[in-house]
Amino acid sequence: MRPSGRNTDKMRAVSFERNVSKHAEGSCLVKFGETHVLCTASLEERVPPWLRNGGKGWVTAEYGMLPRSTGDRMRREATAGKQGGRTLEIQRLIGRSLRAVVDLKELGERQITIDCDVIQADGGTRTAAITGAWIALHDCLKWMEARAMVRTERVLKDHVAAVSCGIFASQPVIDLDYLEDSAAETDANFVMTGSGGIVEIQGTAEAEPFTQDQLLELLELAKNGIADLVTMQKETVARPL
């Protein structure tokens, strides 16, 4: 039995709230159970120096956890003078995941930065961030389309979403919360597109190595969960703001 009482293939309650930021071109508050992440998309009419005059745009991401997003207050990374390795790794993952479904030439020489700020953490912050970031990016592109800057369907080639899976109490489970994640025998994150393409798989054995068959079981759980998330994304962006 999982601590939450969920079945092995049952995700936490997922919700998306759009247009939560007055100033951002696109925004989404995503909730995976008790994990809440605010995603905002900001447009800049410039690209990094190494992309200038190349005819391409850029999509990047920044990630951070607020001091009381966890049980004990975390020190702000700004006060430490640098970002931690985990933060850098996660924000690069978010950026890679979004760029996998964006036509950078169609975006033009512009940069969209997605900020993912964890308000409350209970496991799966990176997967929630990726899934909510897609909606913030979509709405940013719709904002641009309304001003005749781009055509959203040309820039955004597909959906992308992510979910965690793992082996807990010797059984494969989906969408681990903190209690499960902290005691999991195997912990993995899957990022996939709406058409079923794999963007990234991160998997770690916390104790005994896992087998190929177990990996395939986790992949099957992830495929089904991500398909549900993509359906929710589609339903969310179909509603008027």
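Provided above is the structure to which this section pertains.
Small disclaimer: the values here were computed from a predicted structure and weren't measured.

## Observations regarding the pairing of strand 3 (residues 35-44)
Thinking step 1. By the criterion of burial, strand 3 is predominantly enclosed, with seven of the 10 residues buried.
Thinking step 2. Where strand 2 (residues 26-32) hands over to strand 3, the hairpin turn is made up of two residues, of which Gly33 adopts a positive phi near 60°.
Thinking step 3. Alignment of strand 3 against strand 5 (residues 111-120), held across nine bridges, turns out to be antiparallel. The partner of Ser42 across the bridge, within strand 5, is Thr113.

## Describing the environment of Ala146
Thinking step 1. Within the element layout of this structure, Ala146 appears in the loop between helix 4 (125-145) and helix 5 (152-155).
Thinking step 2. The spatial distance from the C-alpha of Ala146 to the C-alpha of Glu235 is 20 Å, given a sequence separation of 89 residues.

## What about helix 2 (residues 85-99)?
Thinking step 1. Spanning 15 residues, helix 2 covers 21 Å between terminal C-alpha atoms, matching the ideal 21 Å at 1.5 Å per step.
Thinking step 2. Along helix 2, the residues that are buried comprise Thr87, Ile90, Gln91, Leu93, Ile94, Gly95, Ser97 and Leu98.

Rules used throughout
Residues numbered from 1 in each chain as written. Predicted model: local features only at pLDDT ≥ 70, side-chain atom pairs only at ≥ 80, totals over all residues. Heavy atoms only, no water. Buried < 20%, exposed > 50% of the residue type's maximum accessible area, 1.4 Å probe, protein only. Helix = DSSP H or I, 4+ residues; strand = E, 2+ residues; numbered from the N terminus. Pairing = 2+ DSSP bridges. Expected span 1.5 Å × (residues − 1).

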